[in-house]
Amino acid sequence: MSADHGPDNCLFCKIVRGQISSNKVFEDDDVLAFHDIDPVAPLHVLLIPKLHLATLADSDSTHEPLLGKMLVLAPRLARELGSADGFRTIINTGRIGGQEVYHLHLHIIGGPVRLPAMLTRG
Ligand code: AMP
Ligand code: ZN
């Protein structure tokens, strides 16, 4: 990924560092989850690694434990936040994938969805 997708000016790294506030729902040493600022459904949280990884395409085998942890945590958070019956998980990757914030994040979306702009951006 290019230098402008590095950690220094990264919005979500700033949230991890506490330089920008967020509405946190979960945090441990490796990951952070917080409510999306522009929710597309009654439940819409973002689960991020604290490690700056610009996109899923920047991951490699060393990230398998971290990514596995995030996937396993997603249903637990969805359940605890009221979407025990089902939810969507979305990772947008790169410009073509509609990604706006270049710090890997897993959307956890529960309840009726309003068509997200992320799916209509071209
Ligand atoms: P993506 O299009 O997958 O990169 O999604 C980026 C998401 O980050 C969007 O759903 C935004 O609403 C959300 N977002 C942007 N800024 C913030 C913020 N400061 N706090 C919480 N969510 C944010
Ligand atoms: Zn970052």
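Residues numbered from 1 in each chain as written. Chains lettered and ligands numbered in written order. Predicted model: local features only at pLDDT ≥ 70, side-chain atom pairs only at ≥ 80, totals over all residues. Heavy atoms only, no water.

With that settled, the discussion passes to the coordination of the zinc ion (ligand 2). Only Cys10 (SG), Cys13 (SG), His52 (ND1) and His103 (ND1) from the protein coordinate the zinc ion (ligand 2), and they sit 2.0 to 2.3 Å from it. Around the zinc ion (ligand 2), the 4 donor atoms sit at angles spanning 104 to 116 degrees, and that spread fits a shape best called tetrahedral. We classify Cys13 as buried; its relative accessible area is 5%. The exposure class of His103 is buried, given its relative accessible area of 0%. (Donors = N, O, S within 2.8 Å, 3.2 Å for Na, K, Ca; no water. Tetrahedral: all angles 85-135°; square planar, octahedral: opposite > 155°, others 65-115°. Buried < 20%, exposed > 50% of the residue type's maximum accessible area, 1.4 Å probe, protein only.)

A separate point is the packing of aromatic side chains. A full pass over the atoms with the stated rule returns 1 aromatic pair. A centroid spacing of 5.3 Å and a plane angle of 80 degrees characterise the contact between Phe12 and Phe34, whose relative ring orientation is edge-to-face. Taken together, the residues Phe12 in helix H1 (residues 11-16) and Phe34 in strand E2 (residues 31-35) connect sequence positions 22 residues apart. Each member of the pair, Phe12 as well as Phe34, is classed as buried. (Phe/Tyr/Trp six-rings, centres within 6.5 Å; stacked < 30°, edge-to-face > 60°. Helix = DSSP H or I, 4+ residues; strand = E, 2+ residues; numbered from the N terminus.)

A few words now on the site of ligand 1. By nearness alone, 16 residues border ligand 1, and Asp36, Asn92, Glu100, His105 and His107 come closest of all. Here an oxygen atom of ligand 1 and a backbone polar atom of Glu100 are 2.7 Å apart. At a separation of 2.7 Å, an oxygen atom of ligand 1 approaches a polar side-chain atom of His105. Isolated, ligand 1 exposes 500 Å² of accessible area, and the fraction of that covered by the protein chains is 86%. (Near = heavy atom within 4 Å. Polar contact = N/O pair within 3.5 Å; in protein donor to acceptor, adjacent residues only side chain to side chain. Areas by Shrake-Rupley, 256 points an atom, 1.4 Å probe, with all protein chains shown as cover.)

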